Structure formats: structure tokens, C-alpha cells
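Below, each chain spelled out in residue letters.
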Amino acid sequence: MSHTKEFDLNDIVEMKKPHPCGENRWKVIRLGADIRIKCMGCEHSVLLPRREFVRKLKKVITQDKE
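Read on for a plain summary of the structure. Here the structure is a predicted model, which means the values were calculated and not measured.

Glancing now at the environment of Glu 43. If you trace the backbone, Glu 43 turns up in the loop between strand E3 (34-39) and strand E4 (45-49). Judged by relative accessible area, which is 52%, Glu 43 ranks as exposed. C-alpha separation for the pair Glu 43 and Lys 27, spaced 16 residues apart in sequence, amounts to 9.4 Å.

This is the structure we're talking about:
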């Protein structure tokens, strides 16, 4: 019953709650045990443990076509 969401480096994702600046789109800029995401509105970056990131992730908006 585990539902895994596919995300990769440089993907744009939507989180369940918006950032205080009002933006809800984030860019994944680091992958590992921790995930670093950068707000597309104010450029603020946040480091989250992978488990917490997956729990708060709503959907992947665009994927990097590299």
C-alpha cells in the first residue's frame, strides 16, 4: 500500500501548504537522505528529511528533461 511519488533533481513540485510568501511551487535542488527545495517565488531554500518531504509533497508539476 506504499504510494511512492517520482521526483528527481531540478523538478518543480507542489507542496501541500504554500510558503509564507504565497508561492506553492518549489524546485528540487538537492537529493539524498535530505531533500533541499527552493521556493520559486522568493528563492528561499529549505532542507527537509526525505520522509517528511514525501509526506508533504502534493504533486510533481514539471520534470527536468535532461
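Scanning the entire structure with this criterion turns up zero disulfides. With no disulfide partner, Cys 21 has as its closest neighbouring cysteine sulfur the one in Cys 39, 3.6 Å distant.

Before going further, it helps to examine the pattern of salt bridges. Here the idea is simple: oppositely charged side chains can pair when their charged atoms come close. Counting across every chain of the model gives five salt bridges. In this structure, Lys 38 engages Glu 43 in a salt bridge whose closest nitrogen and oxygen atoms are separated by 3.6 Å. Since its relative accessible area comes to 25%, Lys 38 is described here as partly exposed. Several salt bridges converge on common partners, so that one network encompasses Glu 14, Lys 58 and Lys 59.

Turning to the pairing of strand E2 (residues 25-30), a few remarks are in order. For strand E1 (residues 12-15) and E2, the ladder comprises three bridges, and the chain directions are antiparallel. Across the sheet, residue Val 13 finds its bridge partner in E2, namely Trp 26. Connecting E2 to the next strand, E3, in antiparallel fashion are three residues, including Gly 32 with a positive phi near 160 degrees.

So, on to the pairing of E4. The two faces of the sheet receive side chains in turn, since in a regular strand these alternate between them. As defined by bridge partners, E3 adjoins E4 across five bridges and the pair is classed as antiparallel. What sits directly across from Arg 36, in E4, is Leu 47. Turn length for the E3-E4 hairpin, with the two strands adjacent in sequence and antiparallel, is five residues, and the turn residue Glu 43 shows positive phi of about 70 degrees.

Our focus in this paragraph is the side chain of Asp 11. Along the polypeptide, Asp 11 turns up in the segment before E1. Its relative accessible area of 2% is what places Asp 11 among the buried residues. Of note is the side chain of Asp 11, whose polar atom sits 2.7 Å from the backbone nitrogen of Asp 8.

Rules and cut-offs
Residues numbered from 1 in each chain as written. Predicted model: local features only at pLDDT ≥ 70, side-chain atom pairs only at ≥ 80, totals over all residues. Heavy atoms only, no water. Helix = DSSP H or I, 4+ residues; strand = E, 2+ residues; numbered from the N terminus. Buried < 20%, exposed > 50% of the residue type's maximum accessible area, 1.4 Å probe, protein only. Disulfide = S-S within 2.5 Å. Salt bridge = Lys/Arg side-chain N within 4 Å of Asp/Glu carboxyl O. Pairing = 2+ DSSP bridges. Polar contact = N/O pair within 3.5 Å; in protein donor to acceptor, adjacent residues only side chain to side chain.

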